[in-house]
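Fold and contact review
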Number of protein chains: 4
Amino acid sequence: MVIVLKENPNPEQVKNLERWLAGMNITTRIIEGMSSTVMGLIGDTSRVEIELIRSLDVVESVQRIQEPYKRANRKFHKSDSVISVGDVKIGGGHFALIAGPCSVESREQIIGIAKDVAASGAQILRGGAFKPRTSPYAFQGLRGKGIELLVEAKKETGLKIITEIMEISQLPLFEEVDIIQVGARNMQNFELLKELGKCQKPILLKRGLSNTIQELLMSAEYIMSEGNENVILCERGIRTFETATRNTLDLSCVPVLNSQTHLPVIVDPSHGVGIADYVRPMSLAAVAAGADGLIIEVHNDPENALCDGLQSIKPDIFAELSAKINELILILRK
Amino acid sequence: MVIVLKENPNPEQVKNLERWLAGMNITTRIIEGMSSTVMGLIGDTSRVEIELIRSLDVVESVQRIQEPYKRANRKFHKSDSVISVGDVKIGGGHFALIAGPCSVESREQIIGIAKDVAASGAQILRGGAFKPRTSPYAFQGLRGKGIELLVEAKKETGLKIITEIMEISQLPLFEEVDIIQVGARNMQNFELLKELGKCQKPILLKRGLSNTIQELLMSAEYIMSEGNENVILCERGIRTFETATRNTLDLSCVPVLNSQTHLPVIVDPSHGVGIADYVRPMSLAAVAAGADGLIIEVHNDPENALCDGLQSIKPDIFAELSAKINELILILRK
Amino acid sequence: MVIVLKENPNPEQVKNLERWLAGMNITTRIIEGMSSTVMGLIGDTSRVEIELIRSLDVVESVQRIQEPYKRANRKFHKSDSVISVGDVKIGGGHFALIAGPCSVESREQIIGIAKDVAASGAQILRGGAFKPRTSPYAFQGLRGKGIELLVEAKKETGLKIITEIMEISQLPLFEEVDIIQVGARNMQNFELLKELGKCQKPILLKRGLSNTIQELLMSAEYIMSEGNENVILCERGIRTFETATRNTLDLSCVPVLNSQTHLPVIVDPSHGVGIADYVRPMSLAAVAAGADGLIIEVHNDPENALCDGLQSIKPDIFAELSAKINELILILRK
Amino acid sequence: MVIVLKENPNPEQVKNLERWLAGMNITTRIIEGMSSTVMGLIGDTSRVEIELIRSLDVVESVQRIQEPYKRANRKFHKSDSVISVGDVKIGGGHFALIAGPCSVESREQIIGIAKDVAASGAQILRGGAFKPRTSPYAFQGLRGKGIELLVEAKKETGLKIITEIMEISQLPLFEEVDIIQVGARNMQNFELLKELGKCQKPILLKRGLSNTIQELLMSAEYIMSEGNENVILCERGIRTFETATRNTLDLSCVPVLNSQTHLPVIVDPSHGVGIADYVRPMSLAAVAAGADGLIIEVHNDPENALCDGLQSIKPDIFAELSAKINELILILRK
């Protein structure tokens, strides 16, 4: 940590600061510049509260040198983490294809889609049971019943299943769920993260709409610091001024995360762009950027559905995309 | 709701759409433009899922005309809501001054500050018991003990008290808390909002870092739709590219909210700018913009605290600011 | 400047870096931390290219300690700059009220409005002659003719005039213009800034839609480094994810600028919010935040204009607002 | 265009509006909703000023249905535009690889790099002569001399050359330049765009840091409306809250642009991420997203340069990347 002191700092205040740091086993070295003074901190600063330092009268600014996350940090864990979901592996060269509908709607729907995506190469089935919706008047998901249907689809197809948790008290319902998803809106629901850190199930942690990559890693750290190291990170678009897409899919975060953490990184192009026509190119782009997996919304197209033709990835497009992804991976890994 | 159809829409698909809307008691009218066709919807569209419409093959874009919130909407509730917190009133011309430390740290600290801010004109005491912290290694608050100390301070000074809830299971601890705060990170924790909608305590709902004004109103609607209409909105800064301040305090949201909702709006300049020197001007600016109250972090300055002089608003500056705010209100209301 | 070196830096590369810095009269001091090495630079680093340093193999990150602007920096010029526009002064306690229409449309229009705003207390008349428009098919302004009409209005009313330049070659037309405005889209048109630095007219420099406060100061520095120190800064809203207002007026930038620079700061609430109803509260908020002036769009309301009632500040509302601003300034300066 | 009228609109004002629109050959149709009235406009609305409509007393909001750009619009020009730069083609299946240093520094440097990148498959050489720099104290480029050196490199290698213009008066120096680049900061320098519309050289138009995709197309329209249809669009990162990368490369804009315009789209990963290690994955991602070309910064590595080892793409990495891109294109086009 580097502390920049204000011009002509009060020597008494500087001494107080050094004494306080010494109490945390941190030594300091001062560099007098032309118009400012810099104090370098030597020791383990991960427990030093940067906001507290910043609030001191003598301090102009503070910069952390060490990353504030440890367990998620590649510096202390050089090789890629491989997360095992039964016999499916994610990370370290293992690519995971997750697919399924936005919401679980019915037994027929979820099993139908599950069979389709399994046939096309998906290893894991997604489907929302608890749905975070902006409006209280919108469909909130089948909740417990939705999880039961996912479990049925799992038994029928052998696919692993992933679904989103919204609240600690829902945890008992996730017994047979293979990966628990923490949605973007809950990325900083720290009480939930701590609770999930106490189980050993893989957690898919989605990046919040306006959260930095470092904050994503700090939220992973919350889970890991409680003992659960099975964390999969997921980029799903950030909020920017651009309105042509629902969110702005930040694919640069894939190589950034690959350099900063050993955890696997997957991409959700469906939520990232919000428009089905763009899911295919952005899926391929995510693979080329180095993602360890994709989570894609796939709808079935039953005869009696509202209007023939939802503008979403349909099973046939998903099948073609899945094959293309495999070709791409071969080229990239060569 | 206005639906723009794609060029040369499939008449069969258009009919399907109209039939489906008719089933929801919505009639349609078509306008054929030069190069596009617009379908206007007549009826109560608040339950129509805009995402679903947008996903249809024939649809190019959709625009909601009616606001999707009802109970929070000024159109259906013309006069200002006044929220009563015991004998303290907020909104409709009643200005509320809320002050106190970031975190409750000790009995002495909280009672000392409570007396100071009460003497300067604050009616409500703030203080964090459960602290949402980006890092799992940072101080997480005194939790239950912190609430007990706030209650003591309330008894000692007669101030009302407000503190933040982070999780539904904490609710029983809030018995004697006068206003329950929902922090920015929980603005879209819908399960929590629904639960808070079942009690009758005033809820201070903070705007999320990257949430739009409309999303803030939708979250208020979650609470109100369960029966609790005592919602106070709070602007506390949004996340932008600017790094000179911790967040960008969006004061324009005060007049925007004043025109769109009857709920009171207060401003948190301390979190909004993150730098004590800017709290005073931004407090005055918030008052001038039409806020119904302020929530300000005030620290005490005990002799033995770490380094003499935290760069935060101290009781004497708060006292001067409080007096100036009163003068300002007189001028503005004239 | 503080340079953080990579883990186990190559000693040869470190020596090369130190030798190169020494050639610029900069000495270095090394602090060895637990898991990283910090190099502090002592000397005038304003000419050191931070991007170049950052691109070096041994460097992990670089932080500038000294601000990269000098002439605009309050550290080297403690007292407020007062910009004189004839007998009108801006800054250092002198508040400037600038008002007028978006575009100059006709002789009658501009002189009518000029008389109105002069009667209400404005000292300076604004009006666009060259209009930067997103669409090539939109009205591009009266251009040279517009400036002539502004000059007529100036002669008629005694108001000073301000209008926007878009291109170096237009400069000769600005002979009788009192303040030259650089619009948000040209804030980083460095060739234009350098040219304006060679004249002595006051320059109103608007902040770009996505420019940081520091970049605004660097653009002021461009003008000042060529010899023209008469720069007035102007906040007019930044681009964020919020769409309820045209832009997000960043009023926090007023106290930030007041602490970092001696140059006067004015606010443009009209472009900042884009909706007339919100101009009044945001004008008052800007004054309370400490602005040295306001630039407000005021329309006249001739009988035969398109539809009776443009949703814009009309002269009577401006008159009331101007009086309220004066009351506010009295309270704030007490 | 669809106009939403305020509740209980004044019939006189509505009639005025309709009369005014009729004068522009636009007919209207009214749809009365439950709590609002919608007016649909039929006719060519590209010249209707949306801001003017929005400012009317009776109007609540306005939505454009037709895109405001015509010449750039794929609706009116279904097939891909192919831009010819001598015998090099860009767009419509022709992939262009542009490479070279950030700035032209010397004869040796530019010719050395030119030979390297030509050998690796680049068809076009980039290199800055006029450099837009945030600080007036930073190197501003070799200017006219830089262009001369680029022309020499062109003669030596047969590569086409591209370099950035900053000001209309520099245009005569661009005689032998093959593609004129308009930088991000000048994307809305409308006077410059209009001037470039009068020549027939290909223009590479970079997206501004905070400009929407639609604004980029409107700026292309400025050039095209003056007669020059040889416009190449370039994504180079937008400004967001994330600081881990210099900008946020918005790759979704590639498929969005591909659907909205017939113009070719290239990507600049070097400026997009600002960190050399991430250029390779983001280049591959851009290709997979459907880009028609890449513009990449490549540095040479002469023995005596400052510190051996700039952290930038070096010729050998570029060579490997170029080969990989070719493999990728083969797979994607299959």
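The present account deals with the structure reproduced in this document.

Next up on the list: the interface of chain D and chain C. Tallying the contact residues gives 55 residues for chain D and 55 residues for chain C. Roughly 5,000 Å² is buried in total at the junction of chain D and chain C, and carbon and sulfur atoms are behind 49% of that figure. Linking chain D with chain C are four salt bridges, by the criterion used here. Glu191 of chain D serves as the salt-bridge partner of Arg143 of chain C, at 3.0 Å between the closest nitrogen and oxygen. If you look at where chain D meets chain C, you find 19 residue pairs in polar contact (both at pLDDT 80 or more). Of all elements in the fold, only helix H1 (11–22), helix H2 (50–54), helix H5 (190–196) and helix H6 (213–225) of chain D reach the threshold of two or more residues within the side of chain D that touches chain C. The element best represented in the side of chain D that touches chain C is H6 of chain D, accounting for five residues. Residue classes in the side of chain D that touches chain C are distributed as 19 nonpolar, 17 polar and 19 charged.

Our next topic: the relation of the copies chain A and chain B. Superposition of chain A onto chain B requires a rotation of 180 degrees combined with a translation of 0.0 Å along the rotation axis, giving an RMSD of 0.0 Å. Here the symmetry operator amounts to a two-fold rotation axis. Scanning chain A for the C-alpha nearest the rotation axis identifies Ser210 of chain A, at a separation of 2.8 Å. Both copies share a contact surface, since 100% of the interface residues of chain A are interface residues in chain B too.

Let us look at the pairing of strand S11 (residues 203–206) of chain B. Residue and element names in this part refer to chain B. A two-sided burial pattern is seen for S11, the buried positions comprising Ile203 and Leu205 on one face and Leu204 and Lys206 on the other. Looking at chain direction, strand S10 (residues 179–182) and S11 are connected through three bridges and run parallel. The partner of Gln181 across the bridge, within S11, is Leu204. One crossover worth recording links S10 to the parallel S11 by way of helix H5 (residues 190–196), and it is right-handed. Bridge analysis of S11 against strand S12 (residues 231–235) gives four bridges, and the strand direction is parallel. Following the sheet pairing, Ile203 is matched in S12 by Val231. As for the winding sense of the linkage, the β-α-β connection from S11 through helix H6 (residues 213–225) to S12 is right-handed.

Turning to its location among the elements, Glu215 of chain B is positioned in helix H6. Within polar-contact distance, the side chain of Glu215 of chain B engages the side chain of Asn211 of chain B at 2.7 Å. With residues near it in sequence (within four places) discarded, Glu215 of chain B still touches Thr134 and Arg239 of chain A together with Met187, Gln188 and Ser210 of chain B.

With 55 residues of chain A in contact, the opposing surface of chain B contributes 55 residues. A combined buried area of about 4,900 Å² lies between chain A and chain B, and 49% of that area is made up of carbon and sulfur atoms. Here chain A is connected to chain B by four salt bridges. Between Glu215 of chain B and Arg239 of chain A there is a salt bridge, with its nearest N and O atoms 2.7 Å apart. At the surface where chain A touches chain B, the tally comes to 19 residue pairs in polar contact (both at pLDDT 80 or more). Secondary structure elements with two or more residues in the side of chain A that touches chain B: helix H1 (11–22), helix H2 (50–54), helix H5 (190–196) and helix H6 (213–225) of chain A. Split into classes, the residues belonging to the side of chain A that touches chain B amount to 19 nonpolar, 17 polar and 19 charged.

Next up on the list: the pattern of salt bridges. Inspection of the entire model under this criterion finds 83 salt bridges over all chains. With its nearest N and O atoms 2.8 Å apart, the salt bridge here joins Asp80 of chain A to Arg74 of chain A. Residue Asp80 of chain A is classed as partly exposed on the basis of its relative accessible area, which comes to 40%. Linking Lys194 of chain A and Glu191 of chain A is a salt bridge whose minimum nitrogen-to-oxygen distance equals 3.9 Å. With Lys194 of chain A and Glu191 of chain A both in helix H5, this residue pair falls three residues apart, about one helical turn. A relative accessible area of 15% means that Lys194 of chain A is categorised as buried. Within the structure, one salt-bridge network assembled from shared partners comprises Arg207, Glu235 and Asp250 of chain A together with Glu242 of chain D.

Quick look at the packing of helix H9 (residues 279–289) of chain C against helix H10 (residues 315–333) of chain C now. All names here are of chain C. For the pair H9 and H10, interaxial distance at closest approach is 10 Å and the crossing angle is 25 degrees. Relative to H10, the element H9 lies roughly parallel. Helix-helix and strand crossings are classified by hand; for H9 and H10 the assignment is right-handed. Residue-level inspection shows Arg280, Ser283, Leu284, Val287 and Ala288 of H9 in contact with H10, the latter providing Glu320, Leu321, Lys324, Ile325, Leu328, Ile329 and Leu332. Looking at the contact of H9 with H10, its residues break down into eight nonpolar, one polar and three charged.

Cut-offs applied
- Residues numbered from 1 in each chain as written.
- Chains lettered and ligands numbered in written order.
- Predicted model: local features only at pLDDT ≥ 70, side-chain atom pairs only at ≥ 80, totals over all residues.
- Heavy atoms only, no water.
- Contact = heavy atoms within 4.5 Å.
- Buried area = accessible area lost by both parts, 1.4 Å probe.
- Salt bridge = Lys/Arg side-chain N within 4 Å of Asp/Glu carboxyl O.
- Polar contact = N/O pair within 3.5 Å; in protein donor to acceptor, adjacent residues only side chain to side chain.
- Helix = DSSP H or I, 4+ residues; strand = E, 2+ residues; numbered from the N terminus.
- Nonpolar A, V, L, I, M, F, W, Y, C, P; charged D, E, K, R; others polar.
- Least-squares fit on C-alpha atoms with pLDDT ≥ 70 in both.
- Buried < 20%, exposed > 50% of the residue type's maximum accessible area, 1.4 Å probe, protein only.
- Pairing = 2+ DSSP bridges.
- Right-handed = clockwise from strand over helix to strand, strands pointing away.
- Axes fitted to C-alpha atoms, helices over the stretch in contact; angles between N-to-C directions.
- Parallel < 35°, antiparallel > 145°, perpendicular 65-115°, else oblique.
- Left-handed = near helix turned anticlockwise from the far one by under 90°.

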